[in-house]
Amino acid sequence: MEGDHHWNYRQQALASILFDKNIDPIVRRLIILDDLRRQTQQQRNDNNVAAAPRISSSSELGLELERRNQVKQLLHTLRTALYDIIETVTVKNDEINNSSSQNDEVGNEDAKNYWQSRVQNQINGIAVPLFSLLRQHQPQQLHNSNNDGGRLHYILQSAAYSCMEEAALVVVVVWKCRQNIVNISGKCKDGESNDDDMNSLVLPGLVSCTMALSSLDIANNGDSTGDQNTINSDETALDRGEECAVALLRCMQAFLTSSSPSNTVFDLDSLSSDLDQLQHLASPMATEIGDAMGGALVARLVQTFLALLPKESETKEASNNNNTNNNNPTLQLEALNTLQLLMTSIPTDTLWKAILPGCFAGLYRCALSKLRYSSSASTHKVASEAILALSLLLVQSMKNTNTNENTNESNNHSVTETLFAAIQKSKLAVETQDLTEGVSDQLSVQSSHQDFAFDNEVNARLPGPLSILLSLVSTNRSHLVRQRGLFLCRVILVETWSTWTESTSITLGKKAIEYCLTALTDENDKLSDYSLQVLSEYKSQLGAIEWKRRLSQNTVPTILELVEMLPILAKSGRDVEVRNYLRIIDGYLLISFRGAKNLEANHTKHRSLGKGKSDIGAALSCAEAAKVINDAFSVIFAPDTESMTCRPVIEAFSADGNEVGIIGDHSRLRFLYLQDETINAARQTARLFARTFGTKRCAFIIDACVADMFESCSRRRQLRHTPDGISAQLTWSGSCVYCTELLEGLLKLDEYGDRVRATKNVKRTAHVLSSLAASVFPIIVSDPLWTLPTTLDGRGSEKKAQTKPNGLQVAMVDSIGGDGICEASSIKVMNANAILLCALMGFVCQFARVLDEDIKLHLPTILLPLLERASGIGNHSYVQNFAVASLGVISKSSACSDMYSFIATNFDYLLDAVSIRVRKHAKERSTMPRSMMGVIDVVLRSAIRHGSIASSAHLSMVDHMLTCLLNYFDRQYDVSMSQQNYLDTVCVFRSIISFVDESIIEQTGNITPFMALESNVQEADDWLQRLDDELQMGPTGYSEDSDEDPINESNTVEDESSKPTDDNDEHIAENKSIKHMKEIHTVNAVLARCSYLVCSENLKIQVMGCETILAGFSCLWKIGDFRTSQQGESASNPLLPAIAELWPTIIRRLRAASSAHISSRRRSRHHLPLRHAMAKDQDQSKSQTSLEALISKCLEIISQLCTLSDGFFSNRFENDVYPILARLLESDERGIILLEDGRNSHYAKRHSLLLSILVCLKHAFESSCGRDLAGLIPSCGSMIFPMLSDHDHVGDAAVETIKAMLKVDSDALWRGLHKLSGRSFPRNPLCVVPPCSTELVSPSGSKFGFDKDVCMTTKQNAERLLDFIDTLPEQHL
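Rules used in this analysis
- Residues numbered from 1 in each chain as written.
- Predicted model: local features only at pLDDT ≥ 70, side-chain atom pairs only at ≥ 80, totals over all residues.
- Heavy atoms only, no water.
- Helix = DSSP H or I, 4+ residues; strand = E, 2+ residues; numbered from the N terminus.
- Buried < 20%, exposed > 50% of the residue type's maximum accessible area, 1.4 Å probe, protein only.
- Contact = heavy atoms within 4.5 Å.
- Areas by Shrake-Rupley, 256 points an atom, 1.4 Å probe, with all protein chains shown as cover.
- pLDDT = per-residue confidence, 0-100.
- Expected span 1.5 Å × (residues − 1).
- Phe/Tyr/Trp six-rings, centres within 6.5 Å; stacked < 30°, edge-to-face > 60°.
- Lys NZ or Arg CZ within 6 Å of the ring centre and 35° of its normal.
- Polar contact = N/O pair within 3.5 Å; in protein donor to acceptor, adjacent residues only side chain to side chain.
- Axes fitted to C-alpha atoms, helices over the stretch in contact; angles between N-to-C directions.
- Parallel < 35°, antiparallel > 145°, perpendicular 65-115°, else oblique.
- Left-handed = near helix turned anticlockwise from the far one by under 90°.
- Nonpolar A, V, L, I, M, F, W, Y, C, P; charged D, E, K, R; others polar.
- Core = buried A, V, L, I, M, F, W, Y, C linked by side-chain atoms within 4.5 Å.
- Patch = residues over 30% accessible without salt bridge, like charges linked within 9 Å, V, L, I, M, F, W, Y side chains within 5 Å.
- Salt bridge = Lys/Arg side-chain N within 4 Å of Asp/Glu carboxyl O.
- Lys, Arg positive; Asp, Glu negative; His and termini not counted.
- Charge placed at Lys NZ, Arg CZ, Asp CG, Glu CD.
- Disulfide = S-S within 2.5 Å.

## Observations regarding the overall build of the chain
Working step 1: When helices and strands are counted, the chain shows 53 helices and 4 strands.
Working step 2: A total of 1373 residues make up the chain; the buried ones form 50% of that total.
Working step 3: Considering only intrachain contacts with a sequence separation of at least 6, the fraction spanning at least 24 residues in the chain is 80%.
Working step 4: Surface summary for the chain: the accessible area is close to 64,700 Å², and the carbon and sulfur share equals 52%.

What follows is the structure in structure tokens.
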């Protein structure tokens, strides 16, 4: 049923009949039970007066409990009956109207008045027992609550609370029935005045509910704490009155408003119209409550509501003990909603001024306790409602006096009272005019003095608590709390501005304005829109001139003060306050833009913020202000060195294999002081500063930051000692991140204007930033910033001419880890240097995003330094990751698919720059950084991947670079090169060979195969000339004592050889004869150095040197094969001279490695005393494994030479290689040593050396040398036969090797295979038991026990080989 629907007199008659029939018996029963209670209470009181007080017996308490249960059931029945009557009367409305439409007459007023008064009297009669129940006083609590009587007392108390709850609910329904008869304005339908409602229902109802609330335990926690402590755990679960209090509060809300209590919660989405909405919710009848009892009723109601709110001590204790018994959020929300409704229903400022101190203190404590201590889910709702109630209290008691003064005075008096007062006033004016004027003047003076005293008290006591409250609200995460905080700011700035003094208006108003500014950048659009609306109302109230004056005087100093506080808060770890300060700074910056001046434009809202130019950009970009901002953000953005971990660069190829991406986020820094959320807010603030500065001013600021960083680093490099450790690197890194965010802000500068203007700004911005890049890039990639060491082994070694340090110099701590006397650079310093370089590369990467394709203009400055840092050699993994990510961004900006295509595109420049750098180090005989080797490796591999090697110019550049590198390598004889430097050099040599190999493949693939051959005479002459050229070629060498530069000398020879002759035929013949001469020269030069490197002590260098030699031989064979295909069998093969020159080194290395392996095998633990064997560690097994890898690599070279040498290698294999293999395959009493050791080993590649030997023998007999090695087959076969018993990879490899020998001479191994297989010979059957006894005889003549599985494996492999012999064709004798 709606509250504004009224019954006609026929409906009232029907309701009256139903009341008599259904309600009257219930009411009579309630009255009888109430009389019984009064009689019992009177008798108890009389007994207490006559004699000593006694405790009620259990029987008496039981009877009282039964009576209250009956009352509760009757109240529930009464509420149900009332709802049924309302529904019945409402449903039969149409039927009654149709039947009475013809019989109603105008003169039937007596019947209407009769039924109206009758129903009113009946409703008043129903309310009498209900109000009596609400006013009942509860029995006193017993001191001894542990007996049965004490427990019954708590049960009785719970039953009483249930009765009062039901009574309150019934009163709500009775008030609804009364509203259907009498209008909410207190007048009946005929317009006659009716004040009985106030006297019979509203005032008695409010008084009864107030008395009932006061009697509840929930409202008297402070008075009964001692008694509550005596309650056992069984009684703590009883009702303490929370649900009863909620029902009573909703009953009060029904009296105070015309709508249902469920609709009294104010809409959170319409904060701008909160005051108007609350005023419309107020009932006109409820406005007269304020005059009742001289305002004492309102004061009592407010006191009751505040008693239900949590206190600060209780909230703190509940949060510590996790106790929620005394913290009912539903009850607190209902109390606050009722208090809000009471405030809006009684707009009497004098009344609320009197109540202000106590009410403000209670609401302030409630909001403060919820915001500070409580952590429950309902905390934000209670805190928001408390803030709203506090705001309404300020509005009602401190509203502007020049707005509604006349309207409030007229609304507080009725028309009759106004006329009567006017008549009395005129009469007194005629009789005693002078006396009246004196009294009125005296009253006005007294009233003004009271208002003045009130304003002074308000300005003295309220600004502090309100400032604290705004500070807490601004850092709260709840949108609801921040919404109510904005409404409080609106009340302070707009609604009550006339109450505040000038000083208070400045301080408190500044706090409120800053809170509104924090909401301008809130993620919730409604909050940002409402904050902008509050600022616009405040601006319109001040006026445009005063608004501009205040901003000009306060904005820049306030921003600088806030910025100076940021480092202090960040170092103390107060992230929430840092974010709050950053939001305030954002707000000040946003309102300074000219596009945001029209704050009244509601249609644009916050979208107009940030447009145009800023009025404070010039003031903030001056030298002093810019330094303050830079110093603050350099601390905020200080990275965390402890979070650095080793992260390898993982590449991911696309589906087509053409593009390469990097997996993972390799361009992200962790920060020292603040969390990610705060860092993101700081980034947004820095970008907003960039928009405030403008492009040109921002460019000057960035240039100054980089210059200061360079000067400071150079100064520290010269001092060699600073007491502040790595703080300088962290500060520089923070400054780099700040400059990077400024660039990001400039990148987004043009997103807020129109397209035409944006296009012009982009061109202007690109020009300015390109000039800035040309200024800062050379400084960033220069010494000492870019050359800071990031690994302990990545620093350059000492220079030759270095003075001997004294003790004081050795004790110094080099805080930047540069080259010099001090060598105490720790890992912490290296990490700090790595972080700084990562920040610098992030700055360069941001420039690439801003400049886009214009970054190509600056590639000569930054590309090679970035490649140096992208190398995994000599760099921290963090630095490598950042460099790779930066190269990826720059490659995208340069319209390249990935980093490798980008490097291949700039192949010419990179090789030229590397050659110049290497040549400089060679001339100066200085140590080249290890990262340069990584650069060469990456450049060559990128060219190989993207096919940028077909050009002869590229090959010439590689040859020139190699010459420079060899010159540097050869001049290091008097400089101690570390093993790591040698290893880096071998890696580069390997990449050069791969580049040459790809070049040969591309060139030979593009040559047409149908070139005509020369005549035999001409071929003979050309062959002699080519042989002479080949014999004259060799490894590049020169005298170290000479002053000539071999680089220039080689270029001169090359230029002379490339000059064409006048005769065209001779020129063609010369081109044929010197085909791939550059490739041959390059490969031979690398092989000559590798022959030196394989003699190193480091086994890893030896293995990689052998790999390079193997790749070089493959390149030379491809050249020889191409010459043979083009010129016939008479063509020279460059592989043969290379083999002749390198063979002594290879065979010596093989002999030495095999001898070391055999000696280490003989000194195994099996042959040593127990004491000596236990003293051995794992280094011996590791060394033996490395030796096996070296021997395997040497055997792989020999296998390749046997395959590629066209048979001339057979003599070297038979005389030099085979004896070494025979020693490696020697046997003892157990069998073949390599085979048995592999079986007893747990190493994953336990048979690697044995398999390499078998593969080498297989290739040797399969090659063209096989016929010449036929004499080795019997002895070699006898060594391999025992391996046929292995059922692993060794057995299969042995079978394949024997097959290769059988193809050469099957007769040499036929008889032995027959013995192993157990087959009988023709005409001479032989019974072999066991079948392989002759092969398993030890040298000493003793036999081991035969393994059946081993014998079966040997027999099966032998049978396979015999079957293979049957498939062979006839062989020549």
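## Thoughts on the confidence of the model for the chain
Working step 1: The predicted model of the chain has a mean per-residue pLDDT of 74, with 67% of residues at 70 or higher.
Working step 2: Taken element by element, the chain is modelled with least confidence in helix H30 (residues 807-811), mean pLDDT 30, and with most confidence in helix H25 (residues 623-636), mean pLDDT 94.
Working step 3: Below a pLDDT of 50 lies the segment residues 402-420, which in the model reaches 4 contacts outside its immediate sequence neighbourhood of four places, other chains included.

## Focus on unusual backbone geometry
Working step 1: Residue Pro784 follows Asp783 across a cis peptide bond; omega there is 15°.
Working step 2: By the secondary structure assignment, Pro784 is in the loop between helix H29 (755-780) and H30.
Working step 3: Even without being a glycine, Asp852 presents a positive backbone phi close to 60°.
Working step 4: Examined against the element boundaries, Asp852 turns out to sit in the loop between helix H31 (827-851) and helix H32 (859-870).
Working step 5: Here Asp852 falls in the partly exposed class, since its relative accessible area comes to 42%.
Working step 6: Phi is positive for Ala895, which is not a glycine, with a value near 65°.
Working step 7: As for its position among the elements, Ala895 is in the loop between helix H33 (877-893) and helix H34 (899-905).
Working step 8: Of the residues examined, Ala895 reaches a relative accessible area of 58% and is grouped as exposed.

## Here we look at helix H26 (residues 676-693)
Working step 1: Compared with an ideal rise of 1.5 Å per residue, which puts 18 residues at 26 Å, H26 spans 26 Å between its outermost C-alpha atoms and is within 8% of the ideal.
Working step 2: Summarising burial for H26: 13 of the 18 residues are buried, a large majority.
Working step 3: Just past H26, the residue Gly694 takes up positive phi, approximately 95°.

## Things to note about the packing of aromatic side chains
The description of an aromatic ring pair rests on the distance of the ring centres and on the angle between the ring planes.
Working step 1: All chains considered together, the criterion is met by 17 aromatic pairs.
Working step 2: Look at Phe907 and Phe995: their rings are 5.8 Å apart centre to centre, the planes differ by 10°, and that puts the pair in the stacked class. Taken together, the residues span a long stretch of sequence, with Phe907 in helix H35 (residues 907-924) and Phe995 in helix H38 (residues 979-1006) at a distance of 88 residues. Considered together, Phe907 and Phe995 belong to a single accessibility category, that of buried residues.
Working step 3: Taken together, the ring pairs connect Phe633, Phe637, Phe671, Phe689, Phe693 and Tyr738 into an aromatic cluster.
Working step 4: The lysine or arginine in question, Arg691, covers the ring of Phe593, its NZ or CZ lying 5.7 Å from the ring centre.
Working step 5: Here the guanidinium or amino end of Lys1299 rests over the ring plane of Phe1364, the centre of that ring lying 5.4 Å away.

## Observations regarding the side chain of Gln846
Working step 1: Within the secondary structure layout, Gln846 lies in helix H31.
Working step 2: Judged by relative accessible area, Gln846 falls into the buried class, the value being 4%.
Working step 3: For Gln846, the side chain forms a polar contact with the side chain of Arg849, separated by 3.2 Å.
Working step 4: Leaving out residues up to four positions away in the same chain, Gln846 has contacts with Thr740, Leu743, Glu744 and Leu747.

## Here we look at the packing of helix H13 (residues 349-372) against helix H18 (residues 463-474)
Working step 1: The geometry of H13 relative to H18 is characterised by a closest axis approach of 10 Å and an angle of 30° between their N-to-C directions. By the criterion of interaxial angle, the relationship of H13 to H18 is roughly parallel. Where H13 crosses over H18, the handedness of that crossing is left-handed. Residue-level contacts link Phe360, Tyr364, Ala367, Leu368, Leu371 and Arg372 of H13 to Pro465, Leu466, Ile468, Leu469, Leu472 and Val473 of H18.
Working step 2: When its residues are assigned to classes, the contact of H13 with H18 shows 11 nonpolar, no polar and 1 charged.

## Examining the nonpolar core
Working step 1: By size, the foremost hydrophobic cluster in this structure holds 354 residues, and its most contacted members are Leu363, Phe689, Ile992, Phe1113 and Phe1213.
Working step 2: It is H31 that contributes the most residues to this core, 15 residues altogether.
Working step 3: Not counting residues within four places of it along the chain, the set of residues in contact with Phe1213 comprises Ile1198, Cys1202, Tyr1218, Leu1221, Cys1256, Leu1257, Ala1260 and Leu1269.

## Some remarks on a positive patch on the surface
Working step 1: Judged by side-chain charge, Lys613, Lys696, Arg697 and Arg764 come together as a positively charged surface patch.
Working step 2: Mapping Lys696 onto the fold places it in helix H27 (residues 695-719).

## A short note on the environment of Pro778
Working step 1: Inspection of the secondary structure puts Pro778 in helix H29.
Working step 2: Its relative accessible area of 38% is what places Pro778 among the partly exposed residues.
Working step 3: Spatially, the C-alpha atoms of Pro778 and Ile862 are 8.0 Å apart, while their sequence positions differ by 84 residues.
Working step 4: Leave out the neighbours within four places in its chain, and Pro778 touches Ala773 and Thr861.

## Structural notes on helix H12 (residues 329-345)
Working step 1: Between its first and last C-alpha atoms H12 spans 24 Å; for 17 residues at 1.5 Å apiece the expected length is 24 Å, and the two agree.
Working step 2: Of all 17 residues in H12, 15 are buried, a share of seventy percent or more.
Working step 3: For H12, the capping residue at the N-terminal end is Asn328, with a side-chain oxygen 3.2 Å from the backbone nitrogen of Thr330.

## Description of the packing of H18 against helix H20 (residues 502-520)
Working step 1: Their axes nearest at 10 Å, the elements H18 and H20 cross at an angle of 10°. Taken together, the axes of H18 and H20 are roughly parallel relative to one another. Within the contact between the two elements, H18 uses Pro463, Leu466, Ser467, Leu470, Ser471, Val473 and Ser474 and H20 uses Thr504, Leu508, Lys511, Ala512 and Tyr515.
Working step 2: Taken together, the residues that form the contact of H18 with H20 break down as 7 nonpolar, 4 polar and 1 charged.

## Quick notes on the environment of Gly1318
Working step 1: With respect to the helices and strands, the residue Gly1318 is situated in the loop between helix H52 (1307-1317) and helix H53 (1348-1367).
Working step 2: With relative accessibility at 34%, the residue Gly1318 sits in the partly exposed group.
Working step 3: Considering only alpha carbons, one finds Gly1318 and Lys1355, 37 residues apart in sequence, at a separation of 7.0 Å.

## Thoughts on the pattern of salt bridges
Working step 1: The final tally for this structure, using the stated rule, is 30 salt bridges.
Working step 2: A salt bridge links Glu677 to Arg579; the nearest nitrogen and oxygen atoms lie 3.9 Å apart. One end of the pair, Glu677, is in helix H26; the other, Arg579, is in helix H23 (residues 575-591), and 98 residues separate them in sequence.
Working step 3: Taken together, the shared-partner salt bridges connect Asp34, Arg37 and Arg38 into one network.

## Here's the deal with the state of the cysteines
Working step 1: Counted according to the given criterion, the structure contains 0 disulfides.
Working step 2: The thiol sulfur of Cys251 is not disulfide-bonded, and the nearest other cysteine sulfur, from Cys209, lies at 3.7 Å.
Working step 3: For Cys251, a relative accessible area of 1% corresponds to the buried category.
Working step 4: Cysteine Cys1202 is unpaired, with the sulfur of Cys1265 as its nearest cysteine sulfur at 5.0 Å.

## Looking at the environment of Thr330
Working step 1: Mapped onto the elements of the fold, Thr330 is located in helix H12.
Working step 2: Considering only alpha carbons, one finds Thr330 and Lys381, 51 residues apart in sequence, at a separation of 9.7 Å.

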